[in-house]
Amino acid sequence: MRDIKLENGDVFVDVTGGSVLLSEEESAVQRALILAGAHRGSFVYNRSLGSDYRPEMDEMQAEAVINEAFADDENMYIRVSESGEALIVDIPTKNGSVQREVHFYG
């Protein structure tokens, strides 16, 4: 599944004003970051979307609640590298994994 690129919570546009289409791999990473960063219950169309992450959680607790957000996707498991004010995760890809910071919404 492909998606358009989001940046700072909005659609990213290129120099021509058009939206940028992500590859399947980039789309999967973006979806993982959105699910991890959305506070569960804050999305009006799907109250179960998102995670229950709180900055006071240690890495093990954070990894458990973040991965609960992916319960419907048996192929996804995210490792938490750092928790606290910044949440840094390792997201699996076809070519290994990528490390990203999660930005929170809602």
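From a predicted model like this one, the values you see are computed outputs, not experimental measurements.

*Asks:* So what's going on with helix H1 (residues 24-37)? Residues and values would help.
*Replies:* In a regular helix each residue adds 1.5 Å, so 14 residues correspond to 20 Å; H1 covers 20 Å between its end C-alpha atoms and thus fits that length. Of the residues making up H1, those classed as buried are Ser 27, Val 29, Gln 30, Ala 32, Leu 33, Leu 35, Ala 36 and Gly 37.

*Asks:* So, the nonpolar core: which residues are in play, and what are the values?
*Replies:* Grouped together as the largest cluster of nonpolar side chains are 19 residues, with contacts concentrated most on Tyr 53, Ile 66, Phe 70, Ile 78, Leu 87, Val 89 and Ile 91. Broken down by secondary-structure element, the contributors of at least two residues to this core are H1, helix H2 (59-68), strand S4 (87-93) and strand S5 (96-102). Among the elements that take part in this core, H1 stands out by supplying 5 residues, more than any other. Apart from residues lying up to four places away in sequence, Ile 78 is in contact with Ala 32, Glu 63, Ile 66, Asn 67, Phe 70, Val 89, Asp 90 and Ile 91.

*Asks:* Go over the side chain of Gln 30 with me, naming the residues and quoting the values.
*Replies:* Mapped onto the secondary structure, Gln 30 falls in helix H1. Owing to a relative accessible area of 11%, Gln 30 belongs among the buried residues under this scheme.

Thresholds applied
- Residues numbered from 1 in each chain as written.
- Predicted model: local features only at pLDDT ≥ 70, side-chain atom pairs only at ≥ 80, totals over all residues.
- Heavy atoms only, no water.
- Helix = DSSP H or I, 4+ residues; strand = E, 2+ residues; numbered from the N terminus.
- Expected span 1.5 Å × (residues − 1).
- Buried < 20%, exposed > 50% of the residue type's maximum accessible area, 1.4 Å probe, protein only.
- Core = buried A, V, L, I, M, F, W, Y, C linked by side-chain atoms within 4.5 Å.
- Contact = heavy atoms within 4.5 Å.

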